[in-house]
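Secondary and tertiary structure notes
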Amino acid sequence: MKFAVSIGLEIHVQLRTRTKIFCGCPTTFGAPPNTQVCPVCLGLPGALPVLNREAVRLTVMAGLALGCQINRRSKFDRKNYFYPDMPKNYQISQYDLPLCVGGGLEIATPSGRRLIRLRRIHLEEDVGKNLHFAQSSGVDFNRAGVPLMEIVTEPDLTSADEAHSFLFALKEVLLHGGISDCNLEEGNLRCDVNISVRPEGADELGVKTELKNLNSFRAVHRALDYEIRRQIELLSCGRAVVQETRRWNDELGITESMRTKEEAHDYRYFPEPDLVPVELTEEQLTEWRAQLPELPAARRARLMREYGLPEYDANVLTADPDVADFFEAAALRSQQPKIVSNWIMTEVLRVLGERGISIRDLPLTPDALVELIETVQRGVINMPAAKSVLAELMEHGGRPAEIIERRGLVQISDRGALEPVIEEVVRDHPGPAADYRNGKAAALQFLIGQVMKRTRGKANPKLVAEVLRARLEGHPPSS
Amino acid sequence: MSTSTPVAGPSSLSDALVALQRKEISSEELVTGLLRAIERWNPVLNAYIHVNSEDALACAREADARRRTGDPAPWLGVPIGIKDNICVRGQPCTCGSEILKSYRSPYDATVSRRLREAGAVFVGRLNLDEFAMGSSTETSAWGPARNPWDVDRVAGGSSGGSAAAVAAGMAVAALGSDTGGSIRQPAAFCGCVGLKPSYGRVSRFGLVAYASSLDQIGPLTRSVRDAALLLSVLAGRDPMDSTSLDVPVPDYLAAVDRAPDHLRGCRIGLPREYFAEGIEPDVEQAVKAAVADVARLGADVVEVSLPHTHYAVAAYYLIATAEASANLARFDGVRYGLRVPSEDVVEQYERTRAEGFGPEVKRRIILGTYALSAGYYDAYYLRAQKVRTLIRRDFERAFQQCDLLLTPVAPTTAFRIGERILDPLTMYLGDIFTVPANLAGICAISIPAGLDSRGLPVGLQLMAPALEEARLLQVAHVLEQTRPRLPRPPLASRASKGSPA
């Protein structure tokens with residue numbers, strides 16, 4: 001029997017705000033425990049929440065970027081459950097009137113691009129972090145009250161690969177929109193998944209399980225692979241999938257039962273009386289829509305249209321909005337955007353990958369890259385020299401002209417200067433010269449190499465080939 | 001001894017402010033007098049659960065020094081008593097509960113900050129029903145506050161400590177909180193003035209929440225003018241409380257001081273439903289006498305209807321308990337307050353809360369949890385919210401026919417300690433005339449009408465539309481002038497033996 005898989009994601013995204021959602025404490029990561037807390041985020045008796053408008057703006061921006069419908073009137077609710085990391089033992093979240101409803105995001109699949117529908121996006125507060133010691137436990141409340149946006153998809157994803165692609169596409173949008181730093185190591189993006197399988201052709205979805213503790217995109221992929229296999233195996237031998245929450249054990253590479261449906265919480269949601277409903281005016285939405293930066297899909301299309309780039313280049317460049325910005329800054333000053341793209345995709349991205357840094361951290365400027373490319377185009381230096389100049393630019397910055405000058409890299413394109421060297425090479429290597437004359441074309445490369453060696457790499461290789469060919473094919477030297 | 005008068009010095013907040021400004025009395029003298037009264041009478045009345053003797057005296061001396069150097073702060077050195085569910089930096093805030101017996105607040109409530117900035121001195125923490133849940137101050141972990149008019153009777157609740165202290169001269173004025181009548185009913189029982197401002201008029205930041213959508217902080221004082229004075233300091237928008245209203249604060253004192261000596265042009269409504277329930281004859285008579293007086297002063301007295309009054313108590317006890325069930329979840333022994341060490345965290349929650357909360361608080365947490373549970377939410381919580389809307393509309397309609405409503409505060413005068421504590425339903429039904437104002441978010445005041453045949457104070461309630469405190473205070477002041485001045489409370493038992501002290 002063949003099976004169809006349905007996967008839905010619930011993604012918690014930490015918003016890029018300076019302060020927490022209901023108080024003025026900073027959201028800085030990595031501070032010593034309980035140093036970024038106040039009566040409000042500690043849930044002290046009498047403290048009241050005050051909504052951070054920036055968190056609302058960023059959530060709405062995400063909604064606009066993902067084509068959601070924005071609720072003009074939205075409200076907060078209390079979600080009640082006891083847990084030591086929850087200061088108030090209720091979480092302020094949104095239940096029936098979230099900020100954003102609907103929307104979707106396209107992903108690339110082997111069978112073409114496909115829209116994954118979103119159910120909703122709501123805003124809520126993060127909880128603290130339990131710490132366990134030898135004899136006791138503690139709680140760090142620095143993270144309590146950090147603004148989180150929860151994005152819930154429809155169960156439109158059909159494989160672990162698709163879930164993975166969705167997460168990458170989403171991350172791209174959130175980065176482009178300046179909505180989140182999406183720093184996985186700092187827990188900026190956390191994901192729970194709902195998954196069910198059913199015999200292919202069946203109308204109704206199968207019984208689902210919910211997976212938790214997925215701390216990386218890779219964990220999502222592995223956990224889904226495992227869980228799909230587990231559910232298919234159960235159904236294949238006539239057993240049923242139990243509706244439950246399962247925890248991903250990353251070490252063992254398996255999912256383990258946490259709690260069944262019967263043990264599920266009754267969260268007793270009710271409207272948060274300490275906050276007033278969020279009312280958004282049309283003017284406000286218009287203003288925010290105007291602030292929305294260009295999104296990856298639109299930018300890809302524009303890079304292809306305006307700079308004549310192939311789709312592949314556009315995809316690579318827009319994966320990181322900063323890289324795309326760098327490209328555009330350079331391409332605007334250059335006659336040949338495709339060549340700019342080649343340089344960035346090969347040399348620059350390789351260095352970024354090796355050093356694990358952002359393009360913003362490079363001392364290389366778009367101007368310098370354009371100047372370097374033009375120098376090559378004009379035949380002033382050759383490619384190997386250019387690559388070494390670029391390496392220096394990426395390490396220390398500076399102007400290409402100055403580096404070329406200091407390191408004496410200007411290539412020799414003067415026929416008169418090259419001919420004596422070529423004469424020497426032909427004289428010193430009679431064998432290869434004879435081979436070439438006897439029709440062994442590859443021998444020419446050896447001779448070119450020798451000329452480059454004697455000019456310490458500065459000879460214009462095209463000119464060397466031309467002169468060599470003429471010399472060996474019997475034309476007498478010009479002198 | 002049993003009839004000795006407790007207080008020397010100014011008899012009201014207004015007088016105290018003037019006497020201090022004219023340097024006829026120093027803050028140190030004033031506070032010393034209060035501390036002496038507290039020392040003498042608090043063992044009888046149990047109004048204060050914590051007295052800041054040294055701290056208050058130090059602050060009084062500092063205030064006197066500042067006044068000598070010409071500091072113009074208007075309330076410099078004025079002593080105020082604070083209900084023990086309103087935070088004052090560095091002071092205990094027990095909420096009358098075992099679970100917070102060791103807790104001190106590290107921050108000021110907005111009202112405390114405003115009073116502090118105006119120069120006020122905080123004398124002590126006033127007794128209350130545990131987490132303000134009760135109508136008699138009997139649910140306090142510190143024992144009941146007693147009524148200065150008959151110490152065998154309750155002071156009312158939940159702000160019973162505040163009312164008893166003001167009535168007995170152990171406080172010039174005090175802050176209380178009112179969720180369903182917790183300022184007005186004890187004010188009525190103890191013979192003082194109690195104002196519940198409109199929802200959003202006074203910041204709730206730093207008030208330990210019982211029912212967030214109903215709670216308001218307000219003054220308990222010896223006169224309407226004093227209430228106006230205190231409200232002027234408390235009222236106004238607070239960026240720390242999203243539900244506080246951004247509406248200008250009128251000059252309440254001017255409204256009182258410029259009150260005419262008549263009520264011509266004022267329409268006073270008598271809601272039919274507030275006179276139909278089982279009211280004690282003495283209470284009814286006191287209200288009727290007041291009605292005659294307002295008519296004599298030229299007011300148009302009209303009968304109006306608030307048809308959903310009958311459902312108010314039920315709606316109140318669903319909404320308030322639902323909110324309370326979440327508000328009180330934070331008392332879990334993890335971060336502050338009582339912790340009963342246990343094997344695991346769940347057991348720790350259970351034992352801490354089992355030992356920390358009293359029976360009334362547990363009853364309300366369970367009731368509220370039930371009202372919000374899956375499958376019951378629509379029938380209880382949601383339904384109660386619909387009733388709340390109907391009650392609000394009742395008032396809107398009534399206020400088209402009249403400017404203010406005049407009603408009893410409670411069906412009875414102060415009852416005996418122990419009389420109702422084992423019968424929660426009777427206790428709840430006693431809130432019938434006060435909870436509607438909280439559900440509707442309007443303002444209401446309780447002023448003394450006189451004494452019943454047993455010599456116990458009877459209260460009168462005036463209610464006005466939301467944010468109409470100026471009008472409410474003005475009419476209350478005019479009405480107050482027509483009432484006979486209450487004698488000093490006996491501070492003793494009415495039973496033959498006299499004072500138990």
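Residues numbered from 1 in each chain as written. Chains lettered and ligands numbered in written order. Predicted model: local features only at pLDDT ≥ 70, side-chain atom pairs only at ≥ 80, totals over all residues.

This brings us to the overall build of chain B. When helices and strands are tallied, chain B shows 16 helices and 13 strands. Compactness check: chain B gives a C-alpha radius of gyration of 21 Å against a globular reference of 23 Å for 501 residues, within 12% of the reference. With the C-alpha coordinates of chain B rotated into their principal frame, the extents come out at 60 × 55 × 55 Å. Each of the 501 residues in chain B was classed as buried or not, and the buried ones make up 61%. When contacts within chain B are restricted to residue pairs at least 6 apart in sequence, long-range pairs at least 24 apart make up 76% of them. (Helix = DSSP H or I, 4+ residues; strand = E, 2+ residues; numbered from the N terminus. Rg over C-alpha atoms; globule rule 2.2 N^0.38 Å. Buried ≥ 20, exposed ≤ 12 C-beta atoms within 10 Å, placed from the backbone. Contact = placed C-beta atoms within 7 Å.)

With that settled, the discussion passes to the overall build of chain A. For chain A, the helix and strand inventory stands at 15 helices and 17 strands. Overall size of chain A, expressed as C-alpha extent along the three principal axes, is 100 × 55 × 55 Å. Residues classed as buried in chain A amount to 39% of the 479 residues present. In chain A, the share of contacts with a sequence separation of at least 24, taken over all contacts with a separation of at least 6, comes to 68%.

Residue and element names in this part refer to chain B. Cis peptide bonds are those with omega within 30 degrees of zero, and the linkage from Gly-157 to Ser-158 qualifies with 10°. Residue placement: Ser-158 occurs in the loop between strand 5 (150-154) and helix 5 (160-167). One non-glycine residue with positive phi stands out, namely Thr-137, at about 60°. As for its placement among the helices and strands, Thr-137 is situated in the loop between strand 3 (121-126) and strand 4 (146-147). Look at Thr-137 and you get buried, because 36 C-beta atoms sit within 10 Å.

This brings us to the interface of chain B and chain A. Counting residues at the interface gives 33 residues for chain B and 24 residues for chain A. With three residues, helix 10 (residues 312-327) of chain B is the single largest residue contributor to the side of chain B that touches chain A.

What follows deals with the sheet that holds strand 11 (residues 404-408) of chain B. All names here are of chain B. Taken in spatial order, the 11 strands line up as 1-3-2-6-8-7-12-13-11-9-10 in an open sheet, and their pairing is mixed. Edge strands, defined here as strands with exactly one partner in the open sheet, are strand 1 (48-51) and strand 10 (300-304). Shown here is a sheet whose adjacent strand axes are inclined to one another by a mean of 30°, direction ignored. The pairing of strand 1 with strand 3 spans three bridges and is classified as antiparallel. The residue bridging His-50 from the neighbouring strand is Arg-125, located in strand 3. Helix 3 (residues 53-68) contacts strand 1, strand 2 (79-83) and strand 3 of the sheet and is inclined by roughly 160° relative to strand 3. (Pairing = 2+ DSSP bridges. Axes fitted to C-alpha atoms, helices over the stretch in contact; angles between N-to-C directions.)

Let us look at the sheet that holds strand 5 (residues 90-93) of chain A. Residue and element names in this part refer to chain A. Overall, antiparallel pairing links the three strands, which are arranged 5-4-16 in an open sheet. Of all the strands in the sheet, the pair left with one neighbour each is strand 5 and strand 16 (270-271). Pairing between strand 4 (residues 77-80) and strand 5: four bridges, direction antiparallel. Paired with Asn-80 across the bridge in strand 5 is Tyr-90.

A few words now on helix 7 (residues 224-234) of chain B. Residue and element names in this part refer to chain B. With respect to burial, helix 7 is a largely interior element, 11 of its 11 residues being buried. Within helix 7 the residues assigned to the buried category are Val-224, Arg-225, Asp-226, Ala-227, Ala-228, Leu-229, Leu-230, Leu-231, Ser-232, Val-233 and Leu-234. Of the residues flanking the end of helix 7, it is Gly-236, one or two places downstream, whose phi is positive at about 130°.

Residues and elements named next belong to chain B. For chain B, per-residue confidence averages 95 on the pLDDT scale, and 97% of positions sit at 70 or higher. When the criterion is pLDDT under 50, residues 497-501 qualifies, and its contacts beyond four places in sequence or with other chains add up to 13 contacts. Both confidence scores are given for the complex: pTM 0.87, ipTM 0.95. (pLDDT = per-residue confidence, 0-100.)

Moving on to helix 9 (residues 281-296) of chain B. Helix length check: helix 9 of chain B, at 16 residues, gives a terminal C-alpha distance of 22 Å against a target of 22 Å (1.5 Å per residue), a fit within 8%. Gly-298 of chain B sits one or two positions beyond helix 9 of chain B and adopts a positive phi of about 105°. (Expected span 1.5 Å × (residues − 1).)

Turning our attention to the domain arrangement of chain A. With domains assigned, chain A is organised as domain 1 (3-283), domain 2 (294-407) and domain 3 (415-472). The centre of domain 2 of chain A, based on its C-alpha atoms, is set 33 Å off from the matching centre of domain 3 of chain A. (Domains from an automatic or database assignment.)

Turning next to the packing of helix 6 (residues 311-318) of chain A against helix 8 (residues 337-355) of chain A. The geometry of a pair of packed helices is captured by two quantities: the angle between their axes and the separation between those axes. Residue and element names in this part refer to chain A. With their axes 11 Å apart at the nearest point, helix 6 and helix 8 run at an angle of 55° to one another. Relative to helix 8, the element helix 6 lies oblique. Crossing of helix 6 over helix 8 shows left-handed handedness. Contacts between helix 6 and helix 8 involve Asp-313, Val-316 and Leu-317 on the former and, on the latter, Ser-341, Ile-344 and Met-345. When its residues are assigned to classes, the contact of helix 6 with helix 8 shows four nonpolar, one polar and one charged. (Parallel < 35°, antiparallel > 145°, perpendicular 65-115°, else oblique. Left-handed = near helix turned anticlockwise from the far one by under 90°. Nonpolar A, V, L, I, M, F, W, Y, C, P; charged D, E, K, R; others polar.)

A few words now on the domain arrangement of chain B. Residue and element names in this part refer to chain B. The assigned domain composition of chain B is domain 1 (13-307 + 392-482) and domain 2 (309-391). On the side of domain 2, 29 residues touch domain 1, which itself brings 37 residues to the contact. Listed by contribution, the elements that provide at least two residues to the side of domain 1 that touches domain 2 are helix 13 (378-401), helix 14 (424-429) and helix 15 (435-440). Its residues placed into classes, the side of domain 1 that touches domain 2 shows 21 nonpolar, eight polar and eight charged.

All names here are of chain B. With seven of nine residues buried, strand 12 (residues 443-451) lies mostly within the body of the structure. Relative to strand 12, strand 7 (residues 193-196) runs antiparallel, the two sharing three bridges. Counted as the bridge partner of Leu-195 is Ile-445 from strand 12. The sheet contact formed by strand 12 and strand 13 (residues 457-464) spans eight bridges and is antiparallel. Bridging from a neighbouring strand, Gly-450 pairs with Val-458 of strand 13. The antiparallel pairing of strand 12 with strand 13 creates a hairpin that spans five residues between the two strands, and Gly-455 there sits at a positive phi of about 80°.

What follows is about the packing of helix 12 (residues 415-428) of chain A against helix 14 (residues 443-454) of chain A. Residues and elements named next belong to chain A. Axis separation between helix 12 and helix 14 bottoms out at 10 Å; the angle between their running directions is 125°. Between helix 12 and helix 14, the angle falls in the class oblique. In this structure, the crossing between helix 12 and helix 14 has a hand that is right-handed. Where helix 12 approaches helix 14, its residues Val-421, Ile-422 and Val-425 are matched on the opposing element by Leu-447, Gln-450, Val-451 and Arg-454. The residue makeup of the contact of helix 12 with helix 14, split by class, is five nonpolar, one polar and one charged.

On to the environment of Arg-68 of chain B, then. Within the element layout of this structure, Arg-68 of chain B appears in helix 3. Each C-alpha atom, one on Arg-68 of chain B and one on Val-283 of chain B, is 49 Å from the other, the two residues being 215 residues apart in sequence.

So, on to the pairing of strand 1 (residues 3-14) of chain A. Across 11 bridges, strand 1 of chain A lies against strand 12 (residues 189-199) of chain A in antiparallel orientation. Residue pairing in the sheet places Ile-7 of chain A in a bridge with Ile-195 of chain A of strand 12 of chain A.

With that settled, consider the environment of Gly-418 of chain B. Residues and elements named next belong to chain B. Relative to the assigned elements, Gly-418 resides in the loop between strand 11 and helix 14. Residue class for Gly-418 comes out exposed when judged on the 12 C-beta atoms lying within 10 Å of it. Counting along the chain gives 97 residues from Gly-418 to Thr-321, while the straight-line C-alpha distance between them is 23 Å.

With that out of the way, let us pick up the environment of Phe-76 of chain A. Residues and elements named next belong to chain A. Note that Phe-76 resides in the loop between strand 3 (73-74) and strand 4. The exposure class of Phe-76 is buried, given the 27 C-beta atoms found within 10 Å. Considering only alpha carbons, one finds Phe-76 and Ser-341, 265 residues apart in sequence, at a separation of 47 Å. Once you skip the residues sitting within four places of it in the chain, Phe-76 turns out to touch Ile-92, Gln-94, Glu-272 and Leu-275.

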